[in-house]
Amino acid sequence: MCGGHGARQPYALRARAIPLFILVLSLALGVGDAARAGEATEDQDEAQGEAEAEPAEGEAEDEPAEDEAEDEPAEDEAEDEPAEGEAEDEPAEGEAEADEGAPTSSAPTTRVVVTDTRGATQRTHDAVGATTVIDLNDPAIPASATVADVLAGIAGLSLRRFGGPGDPAFVRIRGSTARQVEIFIDGVPLDGSDAAVDLSELSLDGFDRIEIHRGQAPPELGASAIGGVIHLRSRADVAPTPRAKLAFGSFLTRRASSELGFAGAVPGGLGSLRLSGSYEGSRGDFAALSTNGTVYDDTDDAVLPRANNHHDQIEGGLRARVELGPLRLFVHDRLFWRSEGVPGPQYAAASVADHAVLDELIAGSIEGRASGAVTLLADGSLRVRHDRTRDLRGEIGVGTQDRSDLATRASFGGGLRLEPLPWLALLPSVRVALDAFTPTSLLPGEGKDGTRRRAGLTATVAASLTPWEGRLELAPAVALRVVDQRFLGSIPFQDTPVASGGREVLVEALPRLHVALRPVPALTVRAGVARGLREPSF
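Residues numbered from 1 in each chain as written. Predicted model: local features only at pLDDT ≥ 70, side-chain atom pairs only at ≥ 80, totals over all residues. Heavy atoms only, no water.

Novice: It is not clear to me how the overall build of the protein chain should be interpreted in this structure. Could you clarify?
Specialist: Regarding its fold elements, the protein chain presents three helices and 25 strands. Here the protein chain, with 538 residues, has 38% of them falling under the buried criterion. For the protein chain, restricting intrachain contacts to residue pairs at least 6 apart in sequence, the fraction spanning at least 24 positions comes to 61%. Looking at the protein chain as shown, the accessible area adds up to about 29,100 Å², and 56% of this sits on carbon and sulfur atoms. (Helix = DSSP H or I, 4+ residues; strand = E, 2+ residues; numbered from the N terminus. Buried < 20%, exposed > 50% of the residue type's maximum accessible area, 1.4 Å probe, protein only. Contact = heavy atoms within 4.5 Å. Areas by Shrake-Rupley, 256 points an atom, 1.4 Å probe, with all protein chains shown as cover.)

Given below as structure tokens:
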């Protein structure tokens, strides 16, 4: 957080969970009362009249499967004591036993299963790479939480934040730069002509989980990120429970969001529709330290309100999915708008500089199973982003500026998933990406600086091998990356081409290999090596 005192997060109303030991105690007492009263559940009523099979002498009775109730003895038939050499049935893990003082009778007893679902953040040990999955439906996550809040504290991640809620936030993985981390939304990359992805522009609404891949990415994403991948995912095939959230806090910080959807039968198959929307705003005038531009002299330091730090933003999302036999079609549309002040450094705060952005992402994918071992994949996306920056007093830059920048990115890809053997999967794929960036100055006498364009082709062959009954997993891959930079233009105020080293066409081979060894179920040893590539920014 930049500058001394940090902004407080908005307060959110949430119910307090009942302690687990109180819940178990109350359930246990309820079990005893039910046994003494001779009450029976619907499933036990159906089980009455069926004889319970006795185990042979010297054999142990079968233990009930986890979360399943044992068959009750037939009516008017007393439970026999286990014969010599026989083992008594023990309750499955997570089940509560009835009180020892409860009388033994032929009436069926109620078995209660207690499950603790509070562990929302989990490490996925069955992945070949270091992966963490965060369940966003966990009630412990407050309504005021942002993507940056959820990612904070995750091992291997470093968050850089420039203020309070709504201010820019960027993530780094294992010492990488923020630009070396790729952000995906339902399989669609947000990276393009921009530098690093600002996490403050992403809302948690409409998503079910966040996957964090350190140092590698799943083959189906086709990513070659140097640092890793942050993947926000939603379950389009499950209709969310209609809900609305409201939050209000200090510095006039406010949030409102809603979500609803449908999932069910459609003509010819199954379909689902999911809609989400959110609003967020803040005055942002929290107290922050000003060094007055003298870092090593604290005699002129002062704590001042943060000026020109207000923001308002709206985000809407639509996700639709149709499943027609072996075909699955997925459509995603995200619209984002934001208007904010640009505060500048605390010792020389700006007063009127502002910035606005309008960003829309449209994506679609289709998946079809040609046979039991062959799956066809294809996807496409179009992203259009318009940024408007005004600094008519020259408060945050060199001279005055009034710029309108337009960035577009079109991406198309296709591939196969071949499973010739139970322990072998092959994933060949091809992806084409087209980027364009048009900076325009709106000051009198100035205009467009010219459109810069870049084209990229990536051909990848990846594999997944799980020999030795899954105890060893290998994920080799090799990608051929071709980037055409002949139309990038030159650096402003210079004649130097943007393409580094004068290489107008880049051709790079990007191999990678990740290995996971599981000698015992409780231990996973991982290792990986990879070569990555990041094109120059516009």
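Having seen the model, we can carry on.
Novice: What am I meant to see in the packing of aromatic side chains here?
Specialist: By convention here, two paired aromatic rings are described through the distance between centres and the angle between planes. Per the stated rule, a full pass over the model turns up two aromatic pairs. Pairing F162 with F170 gives two aromatic rings, centres 6.2 Å apart and planes at 80°, and the pair type is edge-to-face. The residue whose ring lies beneath R319 is F207, and the NZ or CZ to ring-centre distance is 4.5 Å. (Phe/Tyr/Trp six-rings, centres within 6.5 Å; stacked < 30°, edge-to-face > 60°. Lys NZ or Arg CZ within 6 Å of the ring centre and 35° of its normal.)

Novice: Whenever I open this one, the pattern of salt bridges confuses me. Can you help?
Specialist: Where charged atoms from two side chains of opposite charge approach closely, those side chains can pair. The final tally for this structure, using the stated rule, is 27 salt bridges. Taking the shortest distance from any N to any O, the salt bridge between D379 and R431 comes out at 2.9 Å. Taken together, the residues D379 in strand 19 (residues 374-391) and R431 in strand 21 (residues 424-441) connect sequence positions 52 residues apart. Under the relative-accessibility criterion, D379 is labelled partly exposed at 29%. Linked by salt bridges that have partners in common, E201, D359, R383, R385 and D387 make up one network. (Salt bridge = Lys/Arg side-chain N within 4 Å of Asp/Glu carboxyl O.)

Novice: Please explain the environment of L382 as it appears in this structure.
Specialist: By the secondary structure assignment, L382 is in strand 19. Judged by its relative accessible area of 42%, L382 falls in the partly exposed class. Between the C-alpha atoms of L382 and E360, which are 22 residues apart in sequence, the distance is 8.2 Å. Every residue in contact with L382, bar those within four places of it in the chain, is listed here: E360, L361, I362, R409 and A410.

Novice: So what exactly am I meant to see when it comes to a nonpolar patch on the surface here?
Specialist: On the surface, V322, L324, L327, L329, V331 and I366 cluster together to form a nonpolar patch covering roughly 440 Å² of accessible area. Of all elements in the fold, only strand 16 (311-324) and strand 17 (327-341) reach the threshold of two or more residues within the nonpolar patch. Counting residues per element, the nonpolar patch draws most heavily on strand 17, which supplies three residues. (Patch = residues over 30% accessible without salt bridge, like charges linked within 9 Å, V, L, I, M, F, W, Y side chains within 5 Å.)

Novice: Sorry if this is basic, but what is going on with unusual backbone geometry here?
Specialist: With the exception of glycine, the majority of residues adopt a negative phi angle, and the majority of peptide bonds are in the trans configuration. The phi dihedral of L252 falls on the positive side, at around 55°, and the residue is not glycine. Summarising the element assignment, L252 is placed in the loop between strand 11 (243-249) and strand 12 (253-266).

Novice: Explain the pairing of strand 12 here, please?
Specialist: In regular strands, side chains alternate between the two faces of the sheet. Where strand 11 and strand 12 come together, seven bridges link them in antiparallel fashion. When the sheet's bridge partners are listed, K245 is paired in strand 12 with S257. Between strand 11 and strand 12, which pair antiparallel in sequence order, lie three residues; one of them, F251, sits at a positive phi of approximately 60°. Two strands pair when backbone bridges link them, and strand 12 and strand 13 (residues 269-282) are joined in this way by 13 bridges, in the antiparallel orientation. Across the sheet, residue V266 finds its bridge partner in strand 13, namely G269. Between strand 12 and strand 13, which pair antiparallel one after the other, the connecting turn spans two residues, and G268 there sits at a positive phi close to 95°. (Pairing = 2+ DSSP bridges.)

Novice: Would you take a moment to explain the nonpolar core for this structure?
Specialist: A general feature of soluble globular proteins is that nonpolar side chains tend to end up buried together. Core analysis: the biggest nonpolar cluster contains 28 residues, and L151, I183, L199, I210 and I230 have the highest contact counts within it. For this core, the leading source of residues is helix 3 (residues 147-151), giving four residues. Setting aside residues no more than four positions away along its own chain, L151 makes contact with I134, L157, L159, L199, I210, I212 and I230. Counting residues in hydrophobic clusters, the runner-up holds five residues, among them F184, A217, A225 and V229. (Core = buried A, V, L, I, M, F, W, Y, C linked by side-chain atoms within 4.5 Å.)

Novice: Explanation requested: the environment of V430 in the structure shown.
Specialist: As for its position among the elements, V430 is in strand 21. Residue classification places V430 among the partly exposed positions, given a relative accessible area of 43%. Considered as a pair, V430 and V461 are 31 residues apart in the sequence and their alpha carbons are 8.9 Å apart. V430 has contacts with F412, G413, G414, L457, T458 and A459, leaving out every residue within four places of it along the chain.

Novice: Whenever I open this one, the side chain of T440 confuses me. Can you help?
Specialist: Here T440 shows up in strand 21. Each residue touching T440, except ones within four places of it in the same chain, is listed here: D402, R403, S404, D405, G447 and K448.

Novice: So what exactly am I meant to see when it comes to the pairing of strand 10 (residues 228-233) here?
Specialist: The buried count for strand 10 comes to five of six residues, which makes it a mostly enclosed element. Relative to strand 10, strand 7 (residues 181-185) runs parallel, the two sharing five bridges. Note on strand 10: the bridge partner recorded for V181 is G228.

Novice: Where do I start with the environment of R214 in this structure?
Specialist: Position of R214 relative to the elements: it lies in strand 9 (residues 209-214). Spatially, the C-alpha atom of R214 lies 4.6 Å from that of G228, the residues being 14 residues apart in sequence. Contact partners of R214, with chain neighbours within four places excluded, come to A130, T131, T132, I154, A155, G156, L157, I173, R174 and G227. Among the polar contacts listed, one links the side chain of R214 to the side chain of T132, at a separation of 2.8 Å. From its side chain, R214 meets the backbone oxygen of A155 in a polar contact 2.8 Å long. (Polar contact = N/O pair within 3.5 Å; in protein donor to acceptor, adjacent residues only side chain to side chain.)

Novice: Can you help me understand the confidence of the model for the protein chain in this one?
Specialist: Should the pLDDT be low somewhere, the predicted coordinates at that spot are not to be read in detail. Of all residues in the protein chain, 72% attain a pLDDT of 70 or more, and the chain-wide mean is 77. Predicted confidence for residues 1-108 stays below pLDDT 50, and this span has 126 contacts to residues more than four positions away or in other chains. When the criterion is pLDDT under 50, residues 112-119 qualifies, and its contacts beyond four places in sequence or with other chains add up to 15 contacts. (pLDDT = per-residue confidence, 0-100.)

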